[in-house]
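# Understanding the architecture of this molecule
Take a look at the letters that make up each chain.
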Amino acid sequence: MAFRRLSNYRLLVCLAFCLMSPSLARAQIHGGIEIGAKGIRAIAVDFTAKDGEPKILSLENKNTTLVADLAAKKQFSSEALKATADIVGGLAKKIRDDFQVPEAQLYVVGSSGLFAALEGNETLIKTNKEQLIQAIREATGITMDFVSVVREAELTITSVIPVKLRPQAVLMDIGSGNTKGGAELSGKLITFGIPFGTVTFADRVKKEADKDNFAITAARLRKEILTPKLRDSLQGKSELLKRNRVYLAGGTVWALATFMKPADRGNAVPIVPGDIDAFLTFLAANPKELPNTSLSAISDAETKKAATHDMDRVRKTFSRDQLIAGVEVLKALAEAFQLDGQDKQIVFARNAYIGWILGYTIEKGMASK
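Presented here is a report on the structure given in the accompanying data block. (Residues numbered from 1 in each chain as written. Predicted model: local features only at pLDDT ≥ 70, side-chain atom pairs only at ≥ 80, totals over all residues. Heavy atoms only, no water.)

Quick look at the sheet that holds strand E10 (residues 268-271) now. Sheet strands pair via backbone hydrogen bonds, and the direction of the pair is either parallel or antiparallel. Taken in spatial order, the six strands line up as E8-E7-E6-E9-E11-E10 in an open sheet, and their pairing is mixed. This sheet does not close on itself; its edge strands, each paired only once, are strand E8 (188-194) and E10. For this sheet, the mean inter-axis angle between neighbouring strands, taken without regard to orientation, is 25°. Pairing geometry for E10 and strand E11 (residues 345-349), over four bridges, is antiparallel. Each residue of the ladder has a partner; that of Val269, found in E11, is Phe348. Contacts from helix H13 (residues 320-336) reach strand E6 (169-174), strand E7 (179-185), E8 and strand E9 (245-250), with the element oriented near 155° to E6. (Pairing = 2+ DSSP bridges. Helix = DSSP H or I, 4+ residues; strand = E, 2+ residues; numbered from the N terminus. Axes fitted to C-alpha atoms, helices over the stretch in contact; angles between N-to-C directions. Contact = heavy atoms within 4.5 Å.)

Next up on the list: the packing of aromatic side chains. What the rule picks out here adds up to seven aromatic pairs. Measuring from ring centre to ring centre gives 5.9 Å for Phe196 and Phe201, while their planes differ by 80°; the resulting arrangement is edge-to-face. Each of the two residues, Phe196 as well as Phe201, counts as buried. Geometrically, the ring pair formed by Phe259 and Phe282 is tilted, given 5.5 Å between the ring centres and 40° between the ring planes. Here Phe282 lies in helix H11 (residues 273-284) and Phe259 lies in helix H10 (residues 251-260), a separation of 23 residues in the sequence. (Phe/Tyr/Trp six-rings, centres within 6.5 Å; stacked < 30°, edge-to-face > 60°. Buried < 20%, exposed > 50% of the residue type's maximum accessible area, 1.4 Å probe, protein only.)

Strand order in the open sheet formed by five strands is E3-E2-E1-E4-E5, with mixed pairing between adjacent strands. Two strands lie at the open edges of the sheet, namely strand E3 (55-63) and strand E5 (145-146), each paired on one side alone. Sheet analysis places strand E1 (residues 29-35) next to strand E2 (residues 39-46), joined by seven bridges and oriented antiparallel. Bridging from a neighbouring strand, His30 pairs with Val45 of E2.

Attention shifts here to the pairing of E6. Among the six residues in E6, six count as buried, and that is most of the element. Side chains Ala169, Leu171 and Asp173 project from E6 onto one buried face, and the interleaved Val170, Met172 and Ile174 project onto a second face that is buried too. Across four bridges, the pairing between E6 and E7 is antiparallel. Pairing of Leu171 across the sheet is with Gly182, part of E7. If you look at the hairpin formed by E6 and E7, you'll find four residues sitting between the two strands.

Now for the nonpolar core. Membership of the largest hydrophobic core comes to 55 residues, with the highest contact counts inside it found for Met172, Phe201, Phe279 and Phe337. When residues in this core are grouped by element, the largest group, nine residues, is from H13. Ignoring anything within four residues of it in the chain, the contact list for Met172 reads Lys180, Gly181, Phe192, Val246, Tyr247, Leu248, Ala249, Leu333, Phe337 and Leu339. Listed in part, the 34 residues of the second largest apolar core include Ile40, Val67, Phe76 and Ala135. (Core = buried A, V, L, I, M, F, W, Y, C linked by side-chain atoms within 4.5 Å.)

Next comes the structure, spelled out in structure tokens:
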């Protein structure tokens, strides 16, 4: 995916500023690269705006298979490590070249979901973490950082939920490696998290599923594994369950919105509990791959093009079984948070997928000012 640029006007303003004061402009542009369980994301953020609000200058996403065999082999493969390091190296070079970002203002960060398959084995986590750090250092010269599931949730909350809505809102983010979320309460961030996401729960289901009963096994393990873990993580956090504005994020919800609501291209796509079961039925319609969604009712050519593009991206990112597993995670959340309540307002936060790496980069940039 090519870098998405600013509007022509804003780009000209940025270029003019750089020409007038190149050293100052460079000093206030920061870059962040996220290494996640299913992909790599890179952003460049400008802190020079007069209104004081950081602006995203560019955004790029790349798929990766870094954790594909981690559950079975207990270590990153050398091929996956090299491929990941090569992608990160290329993205880092592009940010440096395009925006003249100093090395000290370019951050590479590992997601909390990278090691979900090794939960509880600190020795294996440490070994794999060191191997990844070394591979990234050789490719970029940068010593990467890692975020915990709590930190990731905090950064996503502050970058996704508008300040004025935080007293009524809660975030739920189904990642590839884990599921996390939380809310702001009396100026503090309260978070929860479980070590299962779209990909890692699918891997867990495969361990027990026969060839033809993946969906049945996923539904059973939702009750046996996901629900108890959610209950434990939410213990003592009953305030989260009372929030009536619910922001859903993550690949599974993105896929649901893409296939079930293709005409809605907004940043906050309304979701109702019935959509979850409808999406599961949709996935079950074809035992081998993702079915097609008709776009004949969409008259606007640009909307149809964007919907088609997203459908292609979903197919390249997730398998049918992974999405079935993700829907079971979503169903567990829906039950725990009683999303079928009449007062619940639920939306898919389309831009939340850049939430925590954006929050991390902004935090670093603001600290350096």
